[in-house]
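Breakdown of the fold
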Amino acid sequence: MATTDRQTATLALAHALAAAGRGLPVFPLSATKLPALRSPHHGEQPRVHCRGECGLPGHGVHDAATDPTAVRALFAAAPRATGYGIACGRAPHRLIGIDLDIDTAHGNDSVGALRQLALQHLFTIPQTVTVLTPSGGRHLWLTGPADTTVPNSAGRLAPGIDVRGTGGYLVGPGSITAHGRYRLAPGTAHLTPAPCPRALLRLLTPPPRRPVGTAMAGAGTPEPPGRRGEGLIQFVLAAHEGQRNTRLFWAACRAYEHGFGDALADALTSAAVRTGLTEQEARAAIASAERLTRGRG
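For the structure given in this document, a descriptive report is provided here. (Residues numbered from 1 in each chain as written. Predicted model: local features only at pLDDT ≥ 70, side-chain atom pairs only at ≥ 80, totals over all residues. Heavy atoms only, no water.)

1. Remarks on the overall build of the protein chain
- The number of helices and strands found in the protein chain is eight helices and 14 strands.
- Scored against the burial criterion, the 297 residues of the protein chain give a buried share of 43%.
- Across the protein chain, contacts joining residues at least 24 apart in sequence account for 72% of those joining residues at least 6 apart.
- Approximately 15,900 Å² of the protein chain is accessible, and the part contributed by carbon and sulfur atoms is 54%. (Helix = DSSP H or I, 4+ residues; strand = E, 2+ residues; numbered from the N terminus. Buried < 20%, exposed > 50% of the residue type's maximum accessible area, 1.4 Å probe, protein only. Contact = heavy atoms within 4.5 Å. Areas by Shrake-Rupley, 256 points an atom, 1.4 Å probe, with all protein chains shown as cover.)

2. Looking at the side chain of His59
- With respect to the helices and strands, the residue His59 is situated in the loop between β1 (26-29) and α2 (68-76).
- A polar contact of 3.3 Å, which involves the side chain of His59, links it to the side chain of His41.
- A distance of 2.9 Å separates a polar side-chain atom of His59 from the backbone oxygen of Leu56.
- If near-sequence neighbours (up to four positions away) are discounted, His59 is found in contact with Pro40, His41, Cys50, Arg51, Gly52 and Cys54. (Polar contact = N/O pair within 3.5 Å; in protein donor to acceptor, adjacent residues only side chain to side chain.)

3. Overview of the side chain of Asp162
- Along the chain, Asp162 turns up in strand β9 (residues 161-164).
- Separated by 3.2 Å, the side chain of Asp162 and the backbone nitrogen of Gly155 make a polar contact.
- Setting aside residues no more than four positions away along its own chain, Asp162 makes contact with Gly97, Ile98, Asp99, Ser153, Ala154 and Gly155.

4. Things to note about the packing of helix α6 (residues 244-257) against helix α7 (residues 261-275)
- At a minimum axis separation of 10 Å, α6 and α7 run at an interaxial angle of 165°. Here α6 is positioned roughly antiparallel relative to α7, judged by the angle of their axes. In the packing of α6 onto α7, the handedness of the crossing is right-handed. Contacts between α6 and α7 involve Arg244, Leu248, Ala251, Ala252, Ala255 and Tyr256 from the first element and Gly261, Asp262, Leu264, Ala265, Leu268, Ala272 and Thr275 from the second.
- Counted by class, the contact of α6 with α7 contains nine nonpolar, two polar and two charged residues. (Axes fitted to C-alpha atoms, helices over the stretch in contact; angles between N-to-C directions. Parallel < 35°, antiparallel > 145°, perpendicular 65-115°, else oblique. Left-handed = near helix turned anticlockwise from the far one by under 90°. Nonpolar A, V, L, I, M, F, W, Y, C, P; charged D, E, K, R; others polar.)

5. A closer look at the nonpolar core
- Core analysis: the largest hydrophobic core is formed by 43 residues, its most contacted members being Ile96, Ile98, Ile161, Leu204, Leu248 and Leu268.
- For this core, the leading source of residues is α6, giving seven residues.
- Filtering out sequence-adjacent residues up to four positions away, Ile96 remains in contact with Leu140, Trp141, Leu142, Thr143, Gly144, Val150, Val163, Arg164, Cys196, Leu201 and Leu204. (Core = buried A, V, L, I, M, F, W, Y, C linked by side-chain atoms within 4.5 Å.)

See the structure below:
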């Protein structure tokens, strides 16, 4: 292995050990941001669903450890590691990662979308550990309560916002990938991950969807769009040029996922027209959202 490769691997281990020393479970990553250790069950048939019960390394996020000896052993088995992952949802921090993607080509303003959610749902985005990504995005580190499991999601909270929860991982600061280095944002290195605001936590942990046909009269009857629908309409109305189709499509997907897409379609269309879309463009985006969500069912 070249000298630069050895230096990169040594630096990755040093950063991983520092994170483990703060109680963050870590494991080695390759330059592709994927686990650096190959599964010991690769190629086995039938496929083995193992989360490390076999005792061998190579199970991705399930390898994550805080014990320095275990961390060193993982990196010794992955000499070409260039970075490290931090397992989310694990004690003691039970980390929740808010991944704010920057996609100027499609007009996604994930930072603005998070601020809009904060205003709409009455919570404050706390000062917390923030990691800058090579693409210009950022990861906000929050902590969750022991009795709450936050699922992983991509774009469900808002366009350009991904959530890393239980079973997911974040690329740790100091890691080097094929696209560049992850680094702590200035002024946040001294911070500890802040508790996730309760209102945001509720958005991250949606209630389970009721199976079709199980609703009972009275309290179990599905709710009309009401305030939920109003929030989606306001989300569409807040779109700037370049965001209009994306915001409308996202809002329509959420409405159909929660069972009131058809009831909200006209209101969403009117809102989109007010932002500058034609009625035909708005109807087409809503129809696409309906087809997509129907395919998920």
